[in-house]
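Chain and residue survey
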Amino acid sequence: MLKDYEIDKPILETDRLIIRVLNENDTDDLKEWLGRDEIYTYWGRKASKGEKNPELLFIDPRPWVKRKPSPDFDWGIVLKETNKVVGMIAVFDIQNSRMGDIAYRVNPEYWNMGITTEALKEVLRFVFENTEIDRLNGRADVRNIASNRVMEKCGFVKEGTVRQGKMVSVYCDYNIYGLLREDYMSIPGII
Ligand SMILES: CC(C)(COP(=O)(O)OP(=O)(O)OC[C@H]1O[C@@H](n2cnc3c(N)ncnc32)[C@H](O)[C@@H]1OP(=O)(O)O)[C@@H](O)C(=O)NCCC(=O)NCCS
């Protein structure tokens, strides 16, 4: 149940990857890539101050404010072989414990090695086996071939294309994907 993970987020593992919450010790790894502009080509913006200076991501600007537990998951992707943080993957904007969005980004030095697909498949297993979420949403700019491909490889169903809509921060044509619990359960080899 989502409630079980409000405070302690799980650590997931695949053949090549550990998927875990990041901390300040990961700053040097993130500095290598999180500020690179090619990651944000289809997000319609440049890297933010925090993305360019990842140490800022771990400083709580208002430590006196008691934080509400969040149902969201925000993980780093660590390559076991080198113990380096090479990506990030999130399930966020979870609504009524029923539906959430997915997002991911990977160090460009590690693109097209199947890392995001491997991480997302494991995140899907976790979500549908351990939480009550019934639907995940994905969105990808139509020009973002790699992201569209990741969703297709993970079984997401393309439900349509929004024309000249606002996906993140600029207007573009983007594809909407959905993965229902029942879609996931019918993927061959899942059960
Ligand atoms: C999207 C992103 C996370 C994909 O990460 P990745 O680890 O390289 O993804 P994978 O290797 O698992 O899969 C990528 C697929 O796209 C394919 N691909 C990538 N560029 C391609 C191109 N120009 N033409 C054809 N196929 C392409 C790869 O061949 C691979 O498919 P395959 O396994 O069938 O060969 C990465 O490109 C990224 O960080 N992009 C910037 C951030 C971003 O756009 N995030 C998503 C926002 S919606």
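Read on for an overview of the structure. Just so it is clear, the model here is predicted, and its values are computed rather than measured.

1. Section: the sheet that holds strand 4 (residues 84-95)
- The mixed open sheet is built from 8 strands, whose spatial order is 1-2-3-4-5-6-8-7. Looking at strand neighbours, the two that pair on one side only are strand 1 (12-13) and strand 7 (157-166), the edges of this open sheet.
- As judged from the 3 bridges shared by strand 5 (residues 99-106) and strand 6 (residues 135-141), these two strands associate in the parallel manner. Its bridge partner being in strand 6, D101 is matched across the sheet by N137.

2. A short note on the site of the ligand
- The full set close to the ligand counts 20 residues, and N112, G114, T116, T117 and K153 are the nearest of them.
- Side-chain polar atom of W111 to an oxygen atom of the ligand: 3.2 Å apart, as the coordinates give it.
- Between an oxygen atom of the ligand and a side-chain N or O atom of T116, the distance comes to 2.8 Å.
- Out of a free accessible area of 970 Å², the ligand has 75% covered by protein chains.
- When residues of the shell around the ligand are assigned to their parent elements, the largest contribution, 6 residues, is made by helix 4 (residues 145-153).
- Per-class residue counts for the shell around the ligand are 10 nonpolar, 6 polar and 4 charged.

3. Overview of the environment of I190
- Mapping I190 onto the fold places it in the segment after helix 5 (181-185).
- Sequence separation between I190 and N25 is 165 residues; the distance between their C-alpha atoms is 35 Å.

4. Quick word on unusual backbone geometry
- In this structure, N83 is a non-glycine residue whose phi angle is positive, near 60°.
- Here N83 shows up in the loop between strand 3 (73-79) and strand 4.
- You can call N83 exposed: its relative accessible area is 57%.
- Within the chain, Q164 stands out as a residue other than glycine whose phi angle is a positive 50°.
- Mapped onto the secondary structure, Q164 falls in strand 7.

5. Looking at helix 3 (residues 115-130)
- With 16 residues, helix 3 extends 22 Å from end C-alpha to end C-alpha; this agrees with the ideal 22 Å at 1.5 Å per step.
- Most of helix 3 sits inside the fold, with 12 of its 16 residues counted as buried.
- The set of residues buried in helix 3 consists of I115, T116, T117, E118, A119, L120, E122, V123, L124, F126, V127 and F128.

6. So, helix 4
- Of all the positions in helix 4, only S147, N148, V150 and M151 are classed as buried. An end-on view of helix 4 places all buried positions within 155° of arc, on one side of the element.
- Check the buried side of helix 4 and you find it contacts strand 5, helix 3, strand 6 and strand 8 (171-180).
- G155, located one to two residues past helix 4, shows a positive phi value of around 95°.

The rules behind each value
- Residues numbered from 1 in each chain as written.
- Predicted model: local features only at pLDDT ≥ 70, side-chain atom pairs only at ≥ 80, totals over all residues.
- Heavy atoms only, no water.
- Pairing = 2+ DSSP bridges.
- Helix = DSSP H or I, 4+ residues; strand = E, 2+ residues; numbered from the N terminus.
- Near = heavy atom within 4 Å.
- Polar contact = N/O pair within 3.5 Å; in protein donor to acceptor, adjacent residues only side chain to side chain.
- Areas by Shrake-Rupley, 256 points an atom, 1.4 Å probe, with all protein chains shown as cover.
- Nonpolar A, V, L, I, M, F, W, Y, C, P; charged D, E, K, R; others polar.
- Buried < 20%, exposed > 50% of the residue type's maximum accessible area, 1.4 Å probe, protein only.
- Expected span 1.5 Å × (residues − 1).
- Arc of directions from axis to C-beta.
- Contact = heavy atoms within 4.5 Å.

Without other data, these values stay purely geometric and don't point to any function.
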